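Fold and geometry: a report
Okay, here's what each chain looks like letter by letter:
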Amino acid sequence: MRWRLLRPLRTFSGLVLICLTLAGCSRGLVVDDTTLTARGQDSRVQYVILHYTSSDSARARNTLTLGEVSSHYLIDANPPTIYRLVDESRRAWHAGDSSWQGRTWLNASSIGIEIVHPGYRDTSQGRHWQPWDQAQIDRLIPLLQDILQRHGLSPERVIGHSDIAPQRKLDPGPLFPWQQLAEAGVAIWPDAARVAHYQHLLAGQTPPLAWFEMVLERFGYSLAARPGQTDATRNVIAAFQMRFRPARHDGLPDAQTAAILAALVPDSFAEISRFTGLAEPAIDLP
Ligand SMILES: [Zn+2]
C-alpha cells in the first residue's frame with residue numbers, strides 16, 4: 001500500500017530533476033536540447049545612446065516611467081542615482097527616428113541612457129548651455145564600462161542622440177564631457193597630433209562641402225533630410241562640432257572641423273584631392 005503511494009511520487013520527482021537538468025523547463029515542450037551553442041553570435045546591443053532629459057528629476061522619472069518614451073537607465077541628480085527602468089534584453093523607446101552607420105530606428109539595437117540635466121536656457125542674450133554635474137559623470141563612466149564589457153562593444157559605439165538624429169535633436173549638447181569619457185575608455189576622441197598635422201596641411205583652407213558630406217557619412221551620420229528641411233548637411237556638421245569641436249558649433253564647415261574629421265576617419269584626408277581637382281594628392285599620415 002505504501003509503495004503504491006510512493007512510486008508515483010518518485011516518478012514525479014524524477015521528472016522534475018530531468019526538467020531542471022535540461023535548462024529552461026518552462027520551454028521544455030518547445031525546445032528539446034540547449035546543450036549545443038553556436039559560435040556565430042553577438043549581442044543584439046550595438047550602440048549606447050546618451051541623452052539629457054531637459055527636465056528636473058521628478059518630471060524625468062514621471063515621463064520615462066509613465067509616458068510614451070523610456071530609457072534603459074536614468075541617471076538622477078542630487079544625489080546621483082542610477083535607475084534601471086527597462087531590462088537590457090528589451091527595447092526602450094528613446095531613439096525614435098534615427099540612423100547611424102547605415103542602421104536605422106536604433107531602439108532595437110541600442111541601450112539608452114538618460115541623464116537628468118536641463119539642457120539649455122534661451123535668453124535675450126542667447127542660448128545658455130547648462131554645465132554638467134561631475135558626480136553624475138562619475139556614475140555614468142563605470143555604467144558604460146560595464147555595458148561595453150558585457151556586450152563586447154568598442155568605445156566608438158557610445159554616441160549621442162544628436163549623432164543619430166541630427167535633424168531634430170541636440171542632446172547631450174556641446175558641454176558634454178566626451179573627452180573625459182574617451183580618457184576613461186568609453187568614447188572616442190581624435191588624436192591631437194593628427195588633428196594638428198592635418199590643420200598644418202590644410203593651412204586654413206576649407207575642403208569642399210562634398211568632402212565633408214562623404215566623410216561624415218562614412219563616420220556614421222545620415223545626411224538624409226526630413227521632409228521640409230533643407231539644412232541637413234549643416235545640422236550634421238553642427239552635431240559633429242558639438243561633439244568634437246564644441247567651441248563653435250554653427251554647422252559651417254571650416255579647416256579645423258575638417259582636420260578633426262580627417263583625424264577620426266582613416267584615409268579620408270587624401271581624398272580631399274578628389275574634390276578639389278588638385279594635381280598633387282594631399283599627403284596623409286602613414
Ligand atoms: Zn534624447
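Note that this is a predicted model, so its numbers are computed, not measured. (Residues numbered from 1 in each chain as written. Predicted model: local features only at pLDDT ≥ 70, side-chain atom pairs only at ≥ 80, totals over all residues. Heavy atoms only, no water.)

Under the counting rule described, the total for this entry stands at 14 aromatic pairs. Relative to Tyr-221, the ring of Phe-219 lies with its centre 6.1 Å away and its plane at 35°, an arrangement referred to as tilted. Given a relative accessible area of 11%, Phe-219 falls into the buried group. Ring geometry for Phe-219 versus Phe-244: centroids 5.9 Å apart, planes at 70°, classification edge-to-face. In this pair, Phe-219 is assigned in helix H7 (residues 209–219) and Phe-244 in helix H8 (residues 232–244), connecting sequence segments 25 residues apart. Members of the aromatic cluster, each reached through a chain of ring pairs, are Trp-100, Trp-189, Phe-219, Tyr-221, Phe-240 and Phe-244. Residue placement shows Arg-127 over the ring face of Tyr-120; its charged tip is 3.8 Å from the ring centre. (Phe/Tyr/Trp six-rings, centres within 6.5 Å; stacked < 30°, edge-to-face > 60°. Buried < 20%, exposed > 50% of the residue type's maximum accessible area, 1.4 Å probe, protein only. Helix = DSSP H or I, 4+ residues; strand = E, 2+ residues; numbered from the N terminus. Lys NZ or Arg CZ within 6 Å of the ring centre and 35° of its normal.)

The full count for this structure, using the stated rule, is twelve salt bridges. Salt-bridge contacts for Asp-76 lead to Arg-61; the nearest nitrogen and oxygen are separated by 2.6 Å. With Asp-76 in strand S2 (residues 73–76) and Arg-61 in helix H2 (residues 57–66), this pair connects stretches of sequence that are 15 residues apart. With a closest N to O distance of 2.9 Å, Asp-163 and Arg-243 form a salt bridge. Here the residue Asp-163 occupies a position in helix H4 (residues 161–164), and Arg-243 occupies one in helix H8, the gap between them amounting to 80 residues. Accessibility assignment for this pair places Asp-163 and Arg-243 in one class, buried. (Salt bridge = Lys/Arg side-chain N within 4 Å of Asp/Glu carboxyl O.)

This part is about the pairing of strand S8 (residues 126–129). Both strand S7 (residues 120–123) and S8 contribute to a ladder of four bridges, which runs antiparallel. Following the sheet pairing, Thr-123 is matched in S8 by Gly-126. Linking two consecutive strands that pair antiparallel, namely S7 and S8, is a turn of two residues. (Pairing = 2+ DSSP bridges.)

The subject of this paragraph is the side chain of His-94. Mapped onto the elements, His-94 comes out in the loop between strand S3 (81–84) and strand S4 (99–100). Among the polar contacts made by the side chain of His-94, one reaches the main-chain amide nitrogen of Gly-112 at a distance of 3.4 Å. Those residues in contact with His-94 that sit more than four places away from it in its chain are Ile-49, His-51, Ser-70, Asn-107, Ser-110, Ile-111, Gly-112 and His-161. (Polar contact = N/O pair within 3.5 Å; in protein donor to acceptor, adjacent residues only side chain to side chain. Contact = heavy atoms within 4.5 Å.)

For a metal with four donors in a tetrahedral arrangement, the ideal angle between donors is 109.5 degrees, while six donors in an octahedron ideally sit at 90 or 180 degrees. Protein ligation of the zinc ion involves His-51 (ND1), His-161 (ND1) and Asp-171 (OD), the donor distances falling in the range 2.0 to 2.1 Å. Mapping the donors of the zinc ion onto the primary sequence yields the spacing H-x109-H-x9-D. Of the two residues, His-51 sits in strand S1 (residues 47–52) while Asp-171 sits in the loop between H4 and helix H5 (178–183), which places them 120 residues apart along the sequence. Of the two residues, His-51 and Asp-171, neither departs from the other in class, the shared state being buried. (Donors = N, O, S within 2.8 Å, 3.2 Å for Na, K, Ca; no water.)

Moving on to the packing of helix H6 (residues 192–202) against helix H9 (residues 255–264). Where H6 meets H9, the axes come as close as 8 Å, and the angle between the chain directions of the two elements is 130°. One way to sum up the angle between H6 and H9 is to call them oblique. Between H6 and H9 lies a crossing of right-handed hand. Mapping the contact onto sequence places Arg-194, Val-195, Tyr-198, Gln-199 and Leu-202 in H6 and Ala-255, Gln-256, Ala-258, Ala-259, Ile-260, Ala-262 and Ala-263 in H9. Here the contact of H6 with H9 is built from residues that sort into nine nonpolar, two polar and one charged. (Axes fitted to C-alpha atoms, helices over the stretch in contact; angles between N-to-C directions. Parallel < 35°, antiparallel > 145°, perpendicular 65-115°, else oblique. Left-handed = near helix turned anticlockwise from the far one by under 90°. Nonpolar A, V, L, I, M, F, W, Y, C, P; charged D, E, K, R; others polar.)

So, about H7. Turning to H7, its buried residues are Trp-211, Phe-212, Met-214, Val-215, Leu-216 and Phe-219. Backbone geometry just downstream of H7 places Gly-220 in the positive-phi region, at approximately 150°.

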